[in-house]
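Inside the fold
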Amino acid sequence: MDYVPIAEARNQPGLRLVMNKGVPGPWSQSAKYVFETKSIPYVPVAQLGGTPNDELYDWTGHRNAPIAIYDDEPPRIGWHEIVMLAERLAPDPSLLPTDSAARAEVFGIITEIASENGFAWQRRLQLIEGLNASPDKRVQSGGATLASRYGFSEAALAAAADRASEILVMLSARLHAQQETGSDYFVGDTFTAADLYWACFSQLVAPLDASVNRMPGLIRDLYDIEGTAMAAAVDPILLAHRDRLYEKHLSLPLDF
Ligand SMILES: N[C@@H](CCC(=O)N[C@@H](CS)C(=O)NCC(=O)O)C(=O)O
């Protein structure tokens, strides 16, 4: 990704998208694909995980990613507001069903995957534990920063595997039920934001192969759950769905 320096990006009109640099952070990757799917051009800007990002804070009031800044509108940081911005800028192709009940299902699914205390939140608590255990002081310091930003505690960590597994089981049950009705997608029979978010967040249990995902080895090892108690919750249908989504709807290799 050819990131544009903050000083340059902040004076430009149009869409600027701040993303985690150097790792396929799933919130950032999802935001990237949301805009890409709709062919909305953006200026890519880098956020460095686990660091203060003071220049970013000075511009947007935020230190993490993603952040979508459109013209002189307020920065958008949550997945929902980012999806809604994209839907406004380019309604076609829509990533949301036209039917309200189906839309509620899409939002509910992404909430379970990506919102506070959802699947990825739990996985991040586990990743932070891994970073804290590193002998490398810089890695440890990054872990400490993330711990303070994202609600790390021993009690939260202790509950993380069960909470994350429960959500994975819900997602796979849903895919099985959909398949029985003849659909290859989470909601209805078209590609929606729920599929897009799952594809990106699935990396947190099964990162894509190094041939299409050149992520740092340390983070890859932390993302990978093979051999852990959570592995049983990853029904093969979840990964088959993800693979199909990248094949049909999302560009590879991953770019970060
Ligand atoms: N605000 C986003 C979530 C953003 C988020 O959790 N970002 C994390 C992804 S791991 C991040 O940038 N972490 C690196 C850091 O805080 O330095 C949303 O609610 O959709």
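Residues numbered from 1 in each chain as written. Predicted model: local features only at pLDDT ≥ 70, side-chain atom pairs only at ≥ 80, totals over all residues. Heavy atoms only, no water.

**Side note on the overall build of the protein**
Applied cut-off: Secondary structure elements follow DSSP: runs of H or I no shorter than four residues count as helices, runs of E no shorter than two count as strands, and numbering proceeds from the N terminus. Atoms counted for the radius of gyration: C-alpha only. Globule rule: 2.2 Å times residue count to the power 0.38. In what follows, a contact means two residues having at least one pair of non-hydrogen atoms within 4.5 Å. To measure how exposed things are, a 1.4 Å probe is used in the Shrake-Rupley method; for residues, cover is taken only from the protein chains shown. We score Asp and Glu as negative and Lys and Arg as positive, and we do not count His or the chain ends. Note on charges: their place is set at NZ of Lys, CZ of Arg, CG of Asp or CD of Glu.
Helix and strand counts for the protein come out as 11 helices and 3 strands. Each helix and strand of the protein, ordered N terminal to C terminal, gives the series α-β-α-β-α-β-α-α-α-α-α-α-α-α. For 256 residues, the compact-globule estimate of 2.2 N^0.38 gives 18 Å, and the C-alpha radius of gyration of the protein, at 18 Å, lies within 12% of that figure. Within the protein, contacts between residues separated by at least 24 positions form 70% of all contacts whose residues are at least 6 apart in sequence. Total accessible area on the protein stands at roughly 11,700 Å², and carbon and sulfur atoms take up 52% of it. In the protein, which carries 21 positive and 33 negative side-chain charges, the distance between the mean positions of the two groups comes to 4 Å.

**As for the pattern of salt bridges**
Side-chain pairs of opposite charge can arise where the charged atoms are in close proximity. Note the threshold: Put simply, a salt bridge is a Lys or Arg side-chain nitrogen that is within 4 Å of an Asp or Glu carboxyl oxygen.
For the structure shown, the criterion picks out 9 salt bridges. Residue Glu87 pairs with Lys38 through a salt bridge whose shortest N-O separation is 2.9 Å. Of this pair, Glu87 sits in helix α4 (residues 79-89) while Lys38 sits in the loop between α2 (26-37) and β2 (43-47), placing them 49 residues apart in sequence. The salt bridge involving Arg242 is made with Asp243; its shortest N-O contact spans 2.8 Å. Salt bridges sharing partners connect three or more residues here, namely Glu73, Arg76 and Arg88.

**Thoughts on the site of the ligand**
Cut-off, in case you're wondering: Here a residue is considered near a molecule or strand provided that any single heavy atom belonging to it is located within 4 Å of it. Under this definition, polar contacts are N or O atom pairs within 3.5 Å; protein pairs additionally need one hydrogen-donor-capable and one acceptor-capable atom, and for neighbouring residues in sequence, both atoms have to be side-chain atoms. Classes in brief: Ala, Val, Leu, Ile, Met, Phe, Trp, Tyr, Cys and Pro nonpolar; Asp, Glu, Lys and Arg charged; the others, Gly included, polar. For the domain bounds, the source is a domain assignment made automatically or taken from a database.
Surrounding the ligand, one finds 14 residues, the nearest of these being Gly50, Ala65, Trp79, Arg149 and Tyr150. Side-chain polar atom of Gln47 to an oxygen atom of the ligand: 2.9 Å apart, as the coordinates give it. Within the contact set of the ligand, an oxygen atom lies 2.9 Å away from a side-chain nitrogen or oxygen of Arg124. Starting from 510 Å² of accessible surface for the ligand in isolation, the protein chains cover 85%. Residues belonging to the shell around the ligand are distributed by class as follows: 6 nonpolar, 6 polar and 2 charged. Three or more residues apiece are contributed to the shell around the ligand by two domains, here domain 1 (6-89) and domain 2 (100-248).

**Describing unusual backbone geometry**
This is how it is decided: When accessible area is computed with a 1.4 Å probe and restricted to protein chains, residues below 20% of their type maximum are described as buried, those above 50% as exposed, and intermediate ones as partly exposed.
Here the residue pair Asp92 and Pro93 is connected by a cis peptide bond, since its omega of -5° sits within 30 degrees of zero. Positionally, Pro93 belongs in the loop between α4 and α5 (100-114). In this model, Asp71 sits at a positive phi of 45°, which is unusual for a non-glycine residue. Looking at the element boundaries, Asp71 is found in the loop between β3 (67-70) and α4. In this structure Asp71 comes out as partly exposed when scored by relative accessible area, which is 33%.

Keep in mind these numbers describe shape, not what the thing actually does.
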